[in-house]
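In case you want the letters, here they are:
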Amino acid sequence: MMAIVSWKEIGLLTGLVVGCYWNSLLCGFVFDDVSAILDNKDLRPSTPIQNLFLNDFWGTPMSEERSHKSYRPLTVLTFRLNYLLSELQPASYHLLNVLLHAGVCVLFLRLCRLLLDHTTSLVAALLFAVHPVHTEAVTGVVGRAELLSSIFLLAAFLAYTKSKGSDDSVVWSPMVLTVFLVAIATLCKEQGITVIGICCVYEVFVAQGFTLPMLAETVVQVVRGKDGFPYTLLQTLLKLVVLVISTLLLVIVRVQVIQSQLPVFTRFDNPAAVSDTPTRQLTFNYLLPVNGWLLLNPSELCCDWTMGTIPLVESALDPRNLATLAFYTLLGLLAYHSLRHTHTSAKTVVMALSLMVLPFVPASNLFFPVGFVVAERVLYVPSMGFCVLVAHGFRSLSLRWGLKRISWFFMVLLLLMHAVKTFNRSWDWESEYTLFTSALKVNRNNAKLWNNVGHALENQNNYERALQYFLQATRVQPDDIGAHMNVGRTYKNLNRSKEAEEAYLVAKSLMPQVIPGKKYATRVAPNHLNVYINLANLIRASDSRLEEADQLYRQAISMRPDFKQAYISRGELLLKMNKPSEAKDAYLRALELDRTNADLWYNLAIVNIEMKEPSEALRNFNRALELNPRHKLSLFNSALLMQESGEAKLRPEANRRFLAYVKEEPDDANGYFNLGMLAMDANENEEAERWMRRAISLQPGFRSALFNLALLFSQWGRELAALPVLDELLRHHPEHVKGLILKGDILMNHRKDTRGARACFQRILRTDPGNVQAKHNLCVVHFEERDLAGAERCLEETLAMAPHEEYVRRHLRIVRGKMAAASAAGRPPPAGGADERRLRGHGGEEEEEEEEDEEQPAKAGTGDGAGREKNLRKSSPANGSGRPAQVQQARLDAGQAEKRTKNKSPKEIKDIEEKREAALKRLEEIERILSSD
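Residues numbered from 1 in each chain as written. Predicted model: local features only at pLDDT ≥ 70, side-chain atom pairs only at ≥ 80, totals over all residues. Heavy atoms only, no water.

### A look at the overall build of the protein
- Helix and strand counts for the protein stand at 40 helices and zero strands.
- Here the protein holds 933 residues, and the buried ones make up 52% of them.
- Considering only intrachain contacts with a sequence separation of at least 6, the fraction spanning at least 24 residues in the protein is 66%.
- For the protein, the accessible area works out to roughly 42600 Å², and carbon and sulfur atoms hold 57% of it. (Helix = DSSP H or I, 4+ residues; strand = E, 2+ residues; numbered from the N terminus. Buried < 20%, exposed > 50% of the residue type's maximum accessible area, 1.4 Å probe, protein only. Contact = heavy atoms within 4.5 Å. Areas by Shrake-Rupley, 256 points an atom, 1.4 Å probe, with all protein chains shown as cover.)

Have a look at this one:
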């Protein structure tokens, strides 16, 4: 009868777990967490839930060759629940891991009560709770697969222990529950299926009390037909058959899920796996005592044991083989003791051995290779058997005369030391830098660790220090392709292109050569093919080497036709080569491989824009947003496309998308600027001013925002408020032509400051002598200063510059008319009083240009930060008063009609007045139409 675990014991175990692991809540996402959490799109609510059952643990479709084939959809589902609660805040992920570990400890205590007495079982559970080797499984978020699988593994075993009735009959409800829990455990992590083996061992050697001699004798008797088939044995066989059939079904389903393909691992992941006989066998067998030593003495723990951490055992004379021999001898003695006796101690030992050995078999490399040499987290379940053995040994010593106190002293000391070690070890997982530097203290022969410290420094933009670690990685492992790629990338970040190219070429030279008839992908890590992408991305910066870069992309595609990133990068290059139709074909090919990639749909939309297909571009932007509603570049550029369309019905949605964009990128001035432009389109002046000022506050000197804010004030009737904005614009951009024209117009027409206006127009002409607009407005200054001769000369020069501009010719006639009238009257030319219509200059026009260094073609999904497509607004020329030039010319014509009324008869004057009224009505109609437009 299984003893019940008391609430005090639950509280003790939970308190101890929290005490050892509370600092894990302060840790971030490190190492494998980055791929499983940060980069895994299956966590996002926008990803269909069924994708969890189609993809591997890292979010890669199981059908793809590069898939890791680790199928753990229920574990990923818990990550997704964490994401719903706190998105990518790591504390909630770590908290759930700690609580799950506490739950495992409680269930393990219940299991121990089946094998050990009350006190000894508690000792085993306490030792399990604080063992330092569990730190990776508990503090590393990806270790949740171990925790969840262990919970259901223990639950399945405990359910199975209730499947025996009082008359040795089978109780089927616990059996059904066992099979169900085994399936759940397997969907959390593959090793969950091994609990069936543990149940079989329990059934034969504990529940039925067989020993090996007894089992052999029973089998012989049954074969000989003596005494028939015992009822108890029939019941046992029936249960075992159910368990075995269940195992086979789960295995068949698992094989179907991975599509009968094993994952691709390279010699860098597991060097022994690609070694010849006997090196492979000797090394894999030596790894067993290495794992055993980690359980026995967890003083030197390391997050990564791949590559050169454990040198290969290449000879039978290697002294490390003695450790292998000692391990097998000890294991054999324990098995011999437990399988030949029926007493309680033997049953305890056989169950402890089954808990140690069977869950470890899938990770042992003995039957099939795995992607690691040693991984501390896979020792989580095997350590249960180890803790049972230690507790059982402690009990045996404490029962001996005189050893009770000393055994308790050492046990308490062991628990305290383990607890302190676990607590300190959790701090190592605070960041990637702390984790990998702590690993280097244990192992300096692993190039991957040097690389990972370099990556951590690279993420801090400390490229100089990162380069030193990457170079050390190439010295530790000269044939490590990834290390040379890291060196190349860092040189590129340091703007040392020549050294970067040399490093990439070294990495490329280390790639396995293509052998006809032999599958290339089985001999190279998929990410190593990025050397072609990185090298091509580097050399395509030179326009003379674009074809060379394209050849590299095509070479990568020829090696792996499913290499999605190669199609993406090639599409970008083809756009740069002005081959949009070919770029479109590249993106469509990539979409055949992955239609759930929002970046691909975005890039295709950019191609549509290049091909003048705005409606198709908008559809593809929308597809990207369906897959990822927070895809920032799609939000921005689709809103920009809607804005440029000029359709009023699209304006609210464009506004919503820009608002969503600035929520994602609150420090990007471009988002607020375009919100301001939308508000200007809708004549929402106050809103436009607010957004423009927000953009300027984030990016002082933002040229387009400053000019359009000034233009907004000018069109709003607040011309004087525009002057300080224009002064700020011209402080940052002294030669801004449209700003100078607008400022000159306001100074001339609203401040009556012809000197200031003249300075503005002359500044333009110093840098651009052929600027007709500035030259014409300078003529207007002459006119306003009553310098008709100067105005005439200026207009003649302007007309020579632009002989087809009718308004210049008309204004010249007006000036000459005034000069003739003044000469005929024998008086100075009129100053142009309040009753006269003045010659007006052309003002600035609304613009939405950006700084040249910010105008790069918009791209995404390449790993490089790229600029965005800018909205190029087109609007009619406007003068300083905000009225179109045509209106000013109409006003001028009306003024001339007024001047022609002098020295005429009453009838003639009446006719002229009627004509003038008609002209003014025509002027008002033009102004009304233009204003509404």
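Once you've had a look at it, read on.
### Some details on the state of the cysteines
- For the structure shown, the criterion picks out one disulfide.
- Between the sulfur atoms of C779 and its disulfide mate C794 the distance is 2.1 Å. Residues C779 and C794 are joined through a disulfide that is left-handed, its torsion about the S-S bond being -80°. Placement of the pair is C779 in helix α36 (residues 772–784) and C794 in helix α37 (residues 788–801), with a sequence separation of 15 residues.
- Its sulfur unpaired, C200 is 7.0 Å from the next cysteine sulfur, which belongs to C199.
- Here C302 is not disulfide-linked; the sulfur of C303 is the nearest cysteine sulfur, at 5.1 Å.
- Taking relative accessible area as the criterion, C302 reaches 0% and is therefore assigned buried. (Disulfide = S-S within 2.5 Å.)

### Side note on unusual backbone geometry
- Residue P278 follows T277 across a cis peptide bond; omega there is 5°.
- A positive phi angle, near 60°, is found at N495, a position not held by glycine.
- Its place among the elements puts N495 in the loop between α20 (481–493) and α21 (497–509).
- Here K752, not a glycine, exhibits a phi torsion of approximately 55°, which is positive.
- Take K752: it is sitting in the loop between α34 (737–749) and α35 (754–767).
- Residue classification places K752 among the exposed positions, given a relative accessible area of 55%.

### Some points on the nonpolar core
- By size, the foremost hydrophobic cluster in this structure holds 228 residues, and its most contacted members are F108 and M351.
- Residue contributions to this core peak at 12 residues, all from helix α4 (residues 90–115).
- Those residues within four positions of F108 in sequence are excluded, and the remaining contacts are A124, A125, F128, L154, M384, C387 and V388.
- If you look at the next biggest cluster of nonpolar residues, it comprises 13 residues, including F29, A36, L52 and V141. (Core = buried A, V, L, I, M, F, W, Y, C linked by side-chain atoms within 4.5 Å.)

### Points about the pattern of salt bridges
- By the definition in use, this model includes 43 salt bridges.
- Residue R554 is joined to D550 by a salt bridge in which the shortest nitrogen-to-oxygen separation is 3.3 Å. With a gap of four residues between them, R554 and D550 both fall in helix α23 (residues 546–559), about one helical turn apart.
- Put simply, K632 and E665 hold a salt bridge, and the shortest N to O gap is 2.6 Å. Here K632, found in helix α28 (residues 632–645), pairs with E665, found in the loop between α29 (651–664) and α30 (669–681); they are 33 residues apart in sequence, far enough to count as distant. (Salt bridge = Lys/Arg side-chain N within 4 Å of Asp/Glu carboxyl O.)

### Overview of helix α24 (residues 564–576)
- Given a rise of 1.5 Å per residue, 13 residues ought to cover 18 Å, and the 19 Å separating the end C-alpha atoms of α24 matches this to within 8%.
- Among the residues of α24, K564, A566, Y567, I568, S569, R570, G571, E572, L573, L574 and L575 are the ones counted as buried.
- Residues of α24 that are buried make contact with α22 (530–539), α23, α25 (580–593) and α26 (598–610). (Expected span 1.5 Å × (residues − 1).)

### A few points about the confidence of the model for the protein
- A residue-level look at the protein finds 84% of positions with pLDDT of 70 or above and a mean pLDDT of 84.
- Predicted confidence for residues 830–838 stays below pLDDT 50, and this span has 17 contacts to residues more than four positions away or in other chains.
- This stretch, residues 843–905, has a pLDDT under 50; its non-local contacts, to residues over four places away or in other chains, come to 169 contacts. (pLDDT = per-residue confidence, 0-100.)

### What to know about the packing of helix α9 (residues 195–207) against helix α14 (residues 344–357)
- Relative orientation of the contacting elements α9 and α14 amounts to 165°, with a least axis distance of 10 Å. Taken together, α9 and α14 sit at an angle that is classed as roughly antiparallel. When the axes of α9 and α14 are compared, the crossing they make is right-handed. Touching I198, V201, Y202, F205 and V206 of α9 are K347, V350, M351, S354 and L355, all from α14.
- The class makeup of the residues in the contact of α9 with α14 is eight nonpolar, one polar and one charged. (Axes fitted to C-alpha atoms, helices over the stretch in contact; angles between N-to-C directions. Parallel < 35°, antiparallel > 145°, perpendicular 65-115°, else oblique. Left-handed = near helix turned anticlockwise from the far one by under 90°. Nonpolar A, V, L, I, M, F, W, Y, C, P; charged D, E, K, R; others polar.)

### Notes on the environment of Y672
- In this fold, Y672 is placed in helix α30.
- Here Y672 is in contact with V662, P666, W691, R694, A695 and L698, once residues within four sequence places are set aside.

### Some words on the environment of L237
- Mapped onto the elements of the fold, L237 is located in helix α11 (residues 231–257).
- The exposure class of L237 is partly exposed, given its relative accessible area of 35%.
- For the pair formed by L237 and E203, sequence separation is 34 residues and the distance between their alpha carbons is 9.7 Å.

### Let's talk about helix α33 (residues 719–732)
- Compared with the 20 Å implied by 1.5 Å per residue over 14 residues, the 21 Å span of α33 between its first and last C-alpha is a close match.
- The complete set of buried residues in α33 reads E719, A722, L723, V725, L726, L729 and L730.
- Its buried side turned inward, α33 meets α32 (703–715), α34 and α35.

### Points about the packing of aromatic side chains
- Scanning the entire structure with this criterion turns up 20 aromatic pairs.
- A ring pair is formed by F673 and F702, whose centres lie 5.2 Å apart and whose planes are at 40°; its orientation type is tilted. Linking F673 in helix α30 with F702 in the loop between α31 (685–698) and α32, this pair joins segments that are 29 residues apart in sequence.
- What makes F673 buried here is its relative accessible area of 3%.
- Judged by centre distance (6.3 Å) and plane angle (15°), the ring pair of F713 and W716 falls under stacked.
- In this arrangement the basic side chain of R718 is found over the ring face of W716, its NZ or CZ atom lying 4.6 Å from the centre. (Phe/Tyr/Trp six-rings, centres within 6.5 Å; stacked < 30°, edge-to-face > 60°. Lys NZ or Arg CZ within 6 Å of the ring centre and 35° of its normal.)

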